[in-house]
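Chain by chain, the residues run as shown.
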Amino acid sequence: MDAANESSEGTPFILPGLTTNPGKQRLLFVLFLVLYVGGILGNGLIVAAIRASPALHAPMYFLLAPLSFADLCFTSVTVPKMLANLMAPDRSICLAGCLSQMYFFFALGVTDSCLLAAMAYDRYVAIRHPLHYATRMSRAVCTAPVGTAWLVSHIHSLLHILLMAHLSFCASHQVPHFFCDHQPLLRLSCSDTRHIQLLIFTEGAAVVVTPFLLILASYGAISVAVLRLPSASGRLRAVSTCGSHLAVVGLFYGTVIAVYFQPTSQYEAERGRVATVMYTVVTPMLNPVIYSLRNRDVQGGLRALFSGRRISAGDS
């Protein structure tokens, strides 16, 4: 066991990425560079606009700012390394770098999951209890789920990394992925991985499936409230907004569950890579568009940000 661990620590992992075809590599580099820059700009502008505009200090935007920040960091954990590997001949990563990448990937992914649930509950309160919205979603109430999301996500990530760090990798060190994800790494290990898989299906389910169910319950209640709206245009607008939110939520959770909640023996590398792209690149880029850039208050905040003019809450 000790010799295997020493071999694992001294031998870097190789990340072949999405393809080894030179022509496809250049095309994918341009595609993901555009998606990455778009996601960074979109999420970064949302954070800056919310911080700069007093009109955007409502509970919804208080939750949106950490979501955008988490998305910005989430993509930066994996995409820059993927872009570098698409153009560079050396695609190696040391064990410490691999575990560090996994730690922040898990932590930020779970933070995203918890914040999406908090935002769904915020919309539920705003639509079902508009007269009590200010008291039910006060700054103190909004701070609790944000703090809980960060705390739970880092505890979750630390548990996984501590277990992964004790594995031995005595097989091939070529990881069939574009970053260090635990499913392909578990397939390379010659250690007993049943305890890690048990953790995925228990504690992992709690931090992923529970927020997903809360989101579905919140939007289910919202749908009932929307059907009772007297205005047809109001119902249509609400359905359009909720539908776009649920589409992105479904893409995020659907691909996450498809990748992680299956036995390691059934994991397929090619399908796993495609699904992972959806929740590591696509949904973080879509979140600013779906949740904020179509919002008139946010648009006003962005105009104020670029013009240097501060907008008060009464101006929105």
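Residues numbered from 1 in each chain as written. Predicted model: local features only at pLDDT ≥ 70, side-chain atom pairs only at ≥ 80, totals over all residues. Heavy atoms only, no water.

The name given to the protein chain in an unreviewed UniProt entry is Olfactory receptor 1K1, with Camelus bactrianus as the source organism.

Caption draft 1: Just empty space enclosed by the protein, in detail. Counting across every chain of the model gives three cavities of 30 Å³ or more. For the largest cavity, the calculated volume is near 250 Å³. Lining of the largest cavity is provided by 17 residues; of these, Phe106, His156, Val208, Val256 and Tyr260 occupy positions nearest its centre. Residue assignment for the lining of the largest cavity shows that the elements contributing at least two residues are α4 (95–128), α6 (139–164), α9 (203–227) and α10 (232–260). Here the element with the most residues in the lining of the largest cavity is α4; it accounts for five residues. Here the residues of the lining of the largest cavity are counted per class, giving 11 nonpolar, six polar and no charged. (1 Å grid on protein atoms, 1.4 Å probe; cavity = no way out; pocket = protein on both sides within 12 Å on 5 of 7 lines; lining within 4 Å. Points joined across faces, edges and corners; volume = space filled by probe spheres on them. Helix = DSSP H or I, 4+ residues; strand = E, 2+ residues; numbered from the N terminus. Nonpolar A, V, L, I, M, F, W, Y, C, P; charged D, E, K, R; others polar.)

Caption draft 2: Representation of the pattern of salt bridges in the model. Summed over all chains, the structure comprises two salt bridges. Residue arginine 194 is joined to aspartate 192 by a salt bridge in which the shortest nitrogen-to-oxygen separation is 2.8 Å. (Salt bridge = Lys/Arg side-chain N within 4 Å of Asp/Glu carboxyl O.)

Caption draft 3: Local environment of the layout of surface pockets. Estimated volume of the second largest pocket: approximately 270 Å³. Lining the second largest pocket are 17 residues, and of these Cys114, Ala117, Ala118, Pro145 and Leu214 sit closest to its centre. Listed by contribution, the elements that provide at least two residues to the lining of the second largest pocket are α4, α6 and α9. Split by residue class, the lining of the second largest pocket holds 15 nonpolar, two polar and no charged.

Caption draft 4: Looking closely at the side chain of asparagine 43. Positionally, asparagine 43 belongs in helix α2 (residues 22–52). Polar contacts involving the side chain of asparagine 43 include one to the main-chain carbonyl oxygen of glycine 39, which spans 2.9 Å. With near-sequence residues (within four places) excluded, asparagine 43 lies in contact with Ser68, Asp71, Leu72, Pro284 and Pro288. (Polar contact = N/O pair within 3.5 Å; in protein donor to acceptor, adjacent residues only side chain to side chain. Contact = heavy atoms within 4.5 Å.)

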